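Reading the structure
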Amino acid sequence: MPPPLRALWREVFAKPEHRRIFVFFAVWNLALGVSVPFWNDYMRTVLGMPAWQIGLQNNVGAVLGVALSPVWGRLIDRVGARTVLLFNAAAIAGIPFLWLLCAPDRIWPVWIDTVVTSIFWTGFNLTALNVPLSAAPARGGAVFLGAFAAVTGLGMGLASLAGGAAAKLLGPGPHDVLGLSLAVHQVMFLASGVLRFAAFPLALRLPNATGKRMIFLFQVMGYAVRQRLNLSRQMLTAPWRRR
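Residues numbered from 1 in each chain as written. Predicted model: local features only at pLDDT ≥ 70, side-chain atom pairs only at ≥ 80, totals over all residues. Heavy atoms only, no water.

As for the packing of aromatic side chains
Rules: By convention, a stacked pair of Phe, Tyr or Trp rings (six-membered ring in the case of Trp) has centres within 6.5 Å and planes under 30 degrees apart, an edge-to-face pair has planes over 60 apart, and any other such pair is tilted. Only runs of H or I of at least four residues qualify as helices and only runs of E of at least two qualify as strands under DSSP, and these elements are numbered from the N terminus. Using a 1.4 Å probe on the protein chains alone, a residue whose accessible area is under 20% of its type maximum counts as buried, one over 50% counts as exposed, and one in between counts as partly exposed.
By the definition in use, this model includes 11 aromatic pairs. With a centroid separation of 5.9 Å and 40° between ring planes, the pair formed by Phe97 and Phe197 is classed as tilted. Residue Phe97 is found in helix 5 (residues 81-98), and its partner Phe197 is found in helix 8 (residues 184-203); the two are separated by 100 residues along the sequence. Phe97 sits in the partly exposed class, given a relative accessible area of 28%. Overall, the relative accessible area of 42% leaves Phe197 in the partly exposed class.

Given below as structure tokens:
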């Protein structure tokens, strides 16, 4: 007979390292979610990029991510998941600031974003997957992982709604921020970047994942397969990609 849900819940959150994992990823997803609705819309409506360029930008990033997955997997095995996660999180926090340099007659930062997003998000996703997996208790692991997915997903969704509401209140702009003339999309990118850096100290408190080499092999394979299966759909829909 399975143990009561209440007992499993207490067991999942009994350890401080479990709570630190939940807090970091919930806050991190809040910081990401603020800018989620705006990337592709900014390229289309402000930069005037046609659909094929937006699709190319997304798909080049997907291909680079597939190619880099084994490299990150080997590096994770060598230096540890926590070290790689911290390095990539710090780099990802700076990505939104690159978009402050964009203008309708200056879209080269978009293509730099393609490269840096592919590099750092690939490494981050592999390690972010391993942290909750390695921390999940043998008893109550399903509750732990389910609650983790629910909390982090809810944080992303709420932040996206809040970001959309804030942008509507601000209006299209341009807005004068720190001497820069920014579209409302860029204001939300700036907010996301600041929030990411604010969330970064929480990553320093994460436990070091203790995954085995085989775990990362399967993660690399699964991540690559998902990317390849999505490529044909991405060519048509150019979906939002994490930045």
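Here's the deal with the pattern of salt bridges
Put simply, the rule is: Definition used for salt bridges: Asp or Glu carboxyl oxygen within 4 Å of a side-chain nitrogen of Lys or Arg.
One pass over the structure, following the stated rule, counts 1 salt bridge. Of the charged contacts, one joins Asp41 and Arg44 as a salt bridge, the two residues approaching to 2.9 Å between their closest N and O atoms. Separated by 3 residues within a single helix, Asp41 and Arg44 lie in helix 3 (residues 39-46), roughly one turn from each other.

Here's the deal with helix 4 (residues 51-79)
Since the α-helix packs 3.6 residues into each turn, any two residues three or four apart lie on the same face. Let me state the cut-off plainly: What a helix is expected to span follows from its residue count: subtract one and scale by 1.5 Å. To get the bend at a given residue, fit one axis to the seven residues ending there, fit another to the seven starting there, and take the angle between those axes.
Taking 1.5 Å as the rise per residue, helix 4 with 29 residues should run 42 Å; its terminal C-alpha atoms sit 40 Å apart, in good agreement. Within helix 4, the axis deviates most sharply at Leu68, by approximately 40°, and proline Pro70 lies no more than four positions further along. Where helix 4 terminates, the next one or two residues include Gly80, which has phi positive at roughly 105°.

A few points about the confidence of the model for the protein
Going by this rule: For every residue, the predictor assigns a confidence score, pLDDT, that lies between 0 and 100. Two residues form a contact once any of their heavy atoms are found within 4.5 Å.
On average, the protein scores 78 in pLDDT, and the residues at 70 or more come to 78%. The weakest mean pLDDT in the protein belongs to helix 9 (residues 213-237) at 45; the strongest belongs to helix 8 at 92. Scored below 50 in pLDDT, residues 227-241 shows 30 contacts in the model against residues more than four places distant or in partner chains.

Comments concerning the environment of Gly173
Structurally, Gly173 can be placed in the loop between helix 7 (141-170) and strand 1 (175-177). Measuring from C-alpha to C-alpha, the distance between Gly173 and His185 comes to 9.0 Å, with 12 residues separating the pair along the chain.

Here's the deal with the packing of helix 4 against helix 6 (residues 108-135)
Two packed helices can be described by the angle between their axes and the distance between those axes. Note the cut-off: Angles shown run from 0 to 180 degrees and are taken between the N-to-C directions of axes, each axis being a line fitted to C-alpha atoms and, for helices, limited to the stretch in contact. Should an angle lie under 35 degrees it is considered roughly parallel, over 145 roughly antiparallel, and from 65 to 115 roughly perpendicular; all remaining angles are considered oblique. Each helix crossing is assigned a hand: it is left-handed if the near helix lies turned anticlockwise from the far helix by less than a right angle, otherwise right-handed if that turn is clockwise. Throughout, the ten residues Ala, Val, Leu, Ile, Met, Phe, Trp, Tyr, Cys and Pro are labelled nonpolar, Asp, Glu, Lys and Arg are labelled charged, and all others, Gly among them, are labelled polar.
It is at 7 Å that the axes of helix 4 and helix 6 come closest, and there the two elements cross at 40°. Classified by the angle between their axes, helix 4 and helix 6 sit oblique to one another. When the axes of helix 4 and helix 6 are compared, the crossing they make is right-handed. Together, Gln53, Leu56, Gln57, Val60, Gly61, Leu64, Gly65, Leu68, Ser69, Trp72, Gly73 and Ile76 of helix 4 and Val110, Trp111, Asp113, Thr114, Val115, Ser118, Ile119, Thr122, Gly123, Leu126 and Thr127 of helix 6 make up the contact between the two elements. Class assignment for the residues of the contact of helix 4 with helix 6 results in 11 nonpolar, 11 polar and 1 charged.

A look at the nonpolar core
To keep it simple, the criterion reads: To form a nonpolar core, buried Ala, Val, Leu, Ile, Met, Phe, Trp, Tyr and Cys residues must be joined to one another through side-chain atoms within 4.5 Å.
Ranked by size, the top nonpolar core spans 44 residues in total, and within it Ile21, Phe24, Phe25, Trp28, Leu85, Trp99 and Phe124 carry the most contacts. If you list the elements that add at least two residues to this core, you get helix 2 (16-33), helix 3, helix 5, helix 6, helix 7 and helix 8. It is helix 6 that provides the largest number of residues to this core, a total of 7 residues. Non-local contacts of Phe124, meaning those with residues more than four positions away in its chain, are made with Phe24, Phe25, Trp28, Leu85, Asn88, Ala89 and Ile92. Counting residues in hydrophobic clusters, the runner-up holds 5 residues, among them Ile76, Ala81, Val84 and Leu126.

Focus on the packing of helix 5 against helix 6
In the contact formed by helix 5 and helix 6, the axes pass within 8 Å of each other and the chain directions differ by 150°. By the angle between their directions, the pair helix 5 and helix 6 is classed as roughly antiparallel. Considering only the axes of helix 5 and helix 6, their crossing is left-handed. Looking at the contact of helix 5 with helix 6 residue by residue, the class counts come to 18 nonpolar, 5 polar and 1 charged.

A short note on a nonpolar patch on the surface
Counted only if it meets this: Note on patches: the residues involved have over 30% relative accessible area and no salt bridge, like charges join within 9 Å, and the nonpolar side chains Val, Leu, Ile, Met, Phe, Trp and Tyr join within 5 Å. The method behind every accessible area is Shrake-Rupley, applied with a 1.4 Å probe, and residues are considered shielded solely by the protein chains displayed.
Taken together, the side chains of Trp52, Leu56, Val60, Leu64 and Val115 present a nonpolar region at the surface, about 430 Å² in accessible area. The element best represented in the nonpolar patch is helix 4, accounting for 4 residues. As for its position among the elements, Trp52 is in helix 4. Judged by relative accessible area, which is 57%, Trp52 ranks as exposed.

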